[in-house]
Amino acid sequence: MAKTQYSFGKFLLQIALGAMLVVGGIWALTGGGDFGCEAFSVIFKGQVLTIVKIIFGLIELLAGVLLIVELFTKDIFKKFDNLLMLIIIIAWIVAIVFGDFINGLFVSGFGWGWLYNFASHVIVLGVMLCLND
C-alpha cells in the first residue's frame, strides 16, 4: 500500500513540476519569466538578461516536456534529462539566494508574505531534488 501511495504522489509531483517548467519556459520565451527566470534580473541587465532568459526558458521548456513524457515511457532520455534538471536546480538555488534573500529579505524585510514565498520556492526545490534520478 505504501508503495502505491508513494508512486501516485511521485506521479502527481512529476506532472505538476513538468507543467510548471513548461509554462515557465514558454513564459520566459515570450519575454516574462517565472521566479527562477526573474531572479536573473538582479544579476544581469539589458541584452545579457534577455539572452540568459531565452536560454533558461529553453532549458525549462525542454526539461518540463521530458519530465511529462518520461511518465509514459521508460527512461529513454537516460542522463540528458538529469543534466537539464541539474542546471535548473542550480539556477533555482541561485534564484532563492538572490530573489528571496538579497532582493527580498534584505531589501523588503521579514514578513509573512516573504516567508510564504520562500517556503514555496524551497518546496519546488525539494521536488526537483526528489525527482532528479
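Everything numeric here is computed off the predicted structure, so don't read it as measured data.

A. Structural view of the side chain of D81. By secondary structure assignment, the location of D81 is in helix α5 (residues 80–108). Of the side chains with opposite charge, K79 lies nearest to the buried D81, which makes no salt bridge, at 7.4 Å. With residues up to four places along the chain from it excluded, the contact list for D81 reads L66, E70 and D75.

B. Quick peek at the environment of L115. With respect to the element layout, L115 can be found in helix α6 (residues 112–131). Relative accessible area serves as the criterion here: at 32%, L115 is assigned to the partly exposed category. In the structure, L115 is positioned 66 residues away from L49 in sequence and 27 Å away in space, judged by C-alpha atoms.

C. Spotlight on the pattern of salt bridges. Per the counting criterion, the structure on display carries one salt bridge. Among the ionic pairs, K53 bridges to E38, the shortest N-O distance being 3.1 Å. Of this pair, K53 sits in helix α4 (residues 46–72) while E38 is found in helix α2 (residues 35–38), placing the two residues 15 residues apart along the sequence. In this structure K53 comes out as buried when scored by relative accessible area, which is 12%.

D. The arrangement of the nonpolar core in detail. The biggest cluster of nonpolar side chains holds 27 residues, and the ones touching the most others in it are L17, L21, M85, I88, W92 and M128. Only α1 (2–29), α2, α4, α5 and α6 provide two or more residues apiece to this core. When residues in this core are grouped by element, the largest group, eight residues, is from α5. Setting aside its immediate chain neighbours within four residues, M128 contacts L17, M20, M85, I88, I89 and W92.

E. Focus on α4. For α4, built from 27 residues, the straight-helix expectation of 39 Å at 1.5 Å per residue is met to within 8% by its first-to-last C-alpha distance of 40 Å. L49, V52, K53, F56, G57, I59, E60, A63, G64, L66, L67 and E70 are the residues of α4 that are buried.

F. Geometry of the environment of W92. Take W92: it is sitting in helix α5. In sequence terms W92 and V124 are 32 residues apart; their C-alpha atoms lie 8.8 Å from each other. Setting aside its immediate chain neighbours within four residues, W92 contacts M20, D34, F35, G36, H121, V124, L125 and M128.

G. Just α6, in detail. The first and last C-alpha atoms of α6 sit 29 Å apart over 20 residues, in line with the 28 Å expected at 1.5 Å per residue. If you check which residues of α6 are buried, you get W114, H121, V124, L125, V127, M128 and L131. Viewed end-on, α6 has its buried residues packed into an arc of 155 degrees, placing them on one side of the element. Away from its buried face by more than 90 degrees, α6 exposes W112, Y116, I123 and C130.

H. Molecular detail of a nonpolar patch on the surface. A surface patch of nonpolar side chains, about 490 Å² in accessible area, is lined by F8, F11, L12, I15 and F72. The leading source of residues in the nonpolar patch is α1, at four residues.

What counts, and at which threshold
- Residues numbered from 1 in each chain as written.
- Predicted model: local features only at pLDDT ≥ 70, side-chain atom pairs only at ≥ 80, totals over all residues.
- Heavy atoms only, no water.
- Helix = DSSP H or I, 4+ residues; strand = E, 2+ residues; numbered from the N terminus.
- Buried < 20%, exposed > 50% of the residue type's maximum accessible area, 1.4 Å probe, protein only.
- Lys, Arg positive; Asp, Glu negative; His and termini not counted.
- Salt bridge = Lys/Arg side-chain N within 4 Å of Asp/Glu carboxyl O.
- Contact = heavy atoms within 4.5 Å.
- Core = buried A, V, L, I, M, F, W, Y, C linked by side-chain atoms within 4.5 Å.
- Expected span 1.5 Å × (residues − 1).
- Arc of directions from axis to C-beta.
- Patch = residues over 30% accessible without salt bridge, like charges linked within 9 Å, V, L, I, M, F, W, Y side chains within 5 Å.
- Areas by Shrake-Rupley, 256 points an atom, 1.4 Å probe, with all protein chains shown as cover.

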